[in-house]
Amino acid sequence: MVDMSQTQVQKKVSKTTTAVNDAIIGLSFKDPVIATFLRNTAVFIVNDKDNIIFMFATAFTDGEAIYVGEDYFSRLDSERQKFVLAHETYHMILGHPIFMKRIDDYVEKSFRSRGRGVVEFLKVFAPYVFNVVTDAVINDMLKKKGLPNPSGTVDLSNPDFSPGVFISSVLPPNILAKLPGFEDFVNKVVAEHSSIDATDIILKRIAKVVKDVVKDEDIPVIIEGVRERIRGRVKKSCSKEGG
């Protein structure tokens with residue numbers, strides 16, 4: 001007896017594979033360099049409804065391959081499918097996964113003088129900040145190439161989805177209260193600096209406030225609150241077209 005549910009899944013994945021290939025072909029006319037890179041990069045289609053890795057993700061890269069959520073990708077129109085593949089490709093080309101793998105070491109070396117509490121807080125917060133900053137930069141590049149952002153994604157030119165909004169929204173209220181004008185500050189820094197420098201500048205401003213207003217014994221509770229806000233923010237983005 002044929003397992004119809006499995007057959008349907010296979011057909012859906014096959015359809016998504018075709019969409020990925022079509023998107024790469026389409027990118028040849030908008031960004032030939034990206035298209036060429038993609039032709040030599042493994043793109044894996046993952047069942048994002050049942051896979052725990054995709055619980056709060058839409059697409060990502062580990063620096064060696066690109067992983068696309070099947071359900072998510074199939075809901076995008078052709079232009080936004082091109083956007084998603086180009087977006088992940090730029091992460092690879094710009095070396096963002098390499099820095100992300102070393103981000104704990106960077107936090108440890110750069111902020112150990114501010115105390116263990118600050119270091120532990122930033123080990124949780126820094127990856128999110130770096131991801132938002134790099135997403136903002138790449139999305140802006142792709143927008144200028146004529147590729148539309150999936151809705152809900154970080155956007156330097158949209159005040160409602162600016163990197164400042166994304167980062168401010170996950171900070172504890174008592175820390176954010178000590179950072180007047182923080183959203184505008186973040187947006188200006190991201191627009192004027194490289195991704196790594198922007199991340200460093202933003203984290204240094206946050207670290208000073210964390211050291212001043214949070215006691216070390218309160219850090220575990222603060223960290224859990226930040227984790228929950230990050231999950232909520234990412235889930236909110238993923239519930240739209242993009243994430």
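Up top you'll find the structure we're talking about.
Residues numbered from 1 in each chain as written. Predicted model: local features only at pLDDT ≥ 70, side-chain atom pairs only at ≥ 80, totals over all residues. Heavy atoms only, no water.

Engineer: What am I meant to see in the overall build of the chain here?
Structural biologist: Regarding its fold elements, the chain presents twelve helices and three strands. Partitioning the intrachain contacts of the chain with sequence separation of at least 6 by distance along the chain shows that 66% fall at a separation of at least 24. Accessible area of the chain: about 12300 Å², with a carbon and sulfur share of 55%. (Helix = DSSP H or I, 4+ residues; strand = E, 2+ residues; numbered from the N terminus. Contact = heavy atoms within 4.5 Å. Areas by Shrake-Rupley, 256 points an atom, 1.4 Å probe, with all protein chains shown as cover.)

Engineer: Help me understand the side chain of Asp-135 in this model?
Structural biologist: Inspection of the secondary structure assignment puts Asp-135 in helix H7 (residues 116-144). Excluding its chain neighbours within four sequence positions, the residues that come into contact with Asp-135 are His-87, His-91 and Val-154.

Engineer: Is there a simple way to think about the side chain of Asn-187 in this case?
Structural biologist: Tracing the backbone shows Asn-187 in helix H10 (residues 182-192). Asn-187 sits in the buried class, given a relative accessible area of 18%. Once residues within four sequence positions are removed from consideration, Asn-187 is found in contact with Leu-156, Ser-162, Pro-163 and Gly-164. (Buried < 20%, exposed > 50% of the residue type's maximum accessible area, 1.4 Å probe, protein only.)

Engineer: Looking at this structure, I do not really get helix H6 (residues 103-111). What am I missing?
Structural biologist: Within H6, the full set of buried residues consists of Ile-103, Tyr-106, Val-107, Glu-108 and Phe-111. Buried residues in H6 make contact with helix H5 (96-101), H7 and helix H11 (195-213).

Engineer: Can you walk me through the packing of aromatic side chains in this structure?
Structural biologist: Scanning all chains against the criterion turns up eight aromatic pairs. Pairing Phe-44 with Tyr-67 gives two aromatic rings, centres 5.4 Å apart and planes at 20°, and the pair type is stacked. Taken together, the positions of Phe-44 in strand S1 (residues 42-46) and Tyr-67 in strand S3 (residues 65-69) put the pair 23 residues apart, joining distant regions of the chain. With relative accessibility at 43%, the residue Phe-44 sits in the partly exposed group. Between Tyr-106 and Phe-111, the ring centres sit 5.9 Å apart and the planes meet at 85°, which makes this aromatic pair edge-to-face. Residue Tyr-106 is classed as buried on the basis of its relative accessible area of 14%. Taken together through their ring pairs, the aromatic side chains of Phe-99, Tyr-106, Phe-111 and Phe-130 make up a single cluster. The positively charged end of Arg-205 is found above the aromatic ring belonging to Phe-185, 4.4 Å away from the centroid. Between the NZ or CZ atom of Arg-233 and the centre of the ring of Phe-166, over which it lies, the distance is 4.1 Å. (Phe/Tyr/Trp six-rings, centres within 6.5 Å; stacked < 30°, edge-to-face > 60°. Lys NZ or Arg CZ within 6 Å of the ring centre and 35° of its normal.)

Engineer: Sorry, what's going on with the sheet that holds strand S2 (residues 59-61) here?
Structural biologist: Each strand in a sheet pairs with its neighbour through backbone hydrogen bonds, running either in the same direction (parallel) or in the opposite one (antiparallel). Taking strand neighbours across the sheet as the criterion, the three strands line up as S1-S3-S2 in an open arrangement whose pairing is mixed. In the strand order of this sheet, the two ends are held by S1 and S2, each with one partner. Across the sheet, the mean angle separating the axes of adjacent strands is 20° when strand polarity is ignored. Here three bridges tie S2 to S3, and the two strands are oriented antiparallel to one another. Bridge pairing in S3 places Ala-59 opposite Val-68. (Pairing = 2+ DSSP bridges. Axes fitted to C-alpha atoms, helices over the stretch in contact; angles between N-to-C directions.)

Engineer: Would you take a moment to explain the nonpolar core for this structure?
Structural biologist: Residues Phe-111, Phe-121, Phe-125, Ile-202 and Ile-206 are the most contacted members of the largest nonpolar core, which totals 42 residues. Those elements that place two or more of their residues in this core are H6, H7, helix H8 (163-168), H10, H11 and helix H12 (219-238). No other element matches H7, which puts 13 residues into this core. Leaving out residues up to four positions away in the same chain, Ile-206 has contacts with Phe-121, Phe-125, Leu-171, Leu-179 and Phe-182. (Core = buried A, V, L, I, M, F, W, Y, C linked by side-chain atoms within 4.5 Å.)

Engineer: What is the right way to look at H7 in this model?
Structural biologist: Counting along an α-helix, one turn takes 3.6 residues, and residues three or four places apart therefore face a common direction. The terminal C-alpha atoms of H7, which comprises 29 residues, lie 42 Å apart, in line with the 42 Å expected from a rise of 1.5 Å per residue. The sharpest bend along H7 comes to roughly 40°, located at Lys-123, with the proline Pro-127 sitting one to four residues further on. (Expected span 1.5 Å × (residues − 1). Bend = angle between axes of the 7 residues up to and from the residue.)

Engineer: Just checking my understanding: could you explain the environment of Val-119 for this structure?
Structural biologist: Relative to the elements of secondary structure, Val-119 occurs in helix H7. Exposure remark for Val-119: the relative accessible area of 0% places this residue in the buried category. Linking Val-119 and Val-107, residues twelve residues apart in sequence, is a C-alpha distance of 6.4 Å. Beyond its immediate sequence surroundings of up to four residues, Val-119 is in contact with Val-107, Glu-108, Phe-111 and Arg-112.

That's the geometry; what it means functionally is another story.
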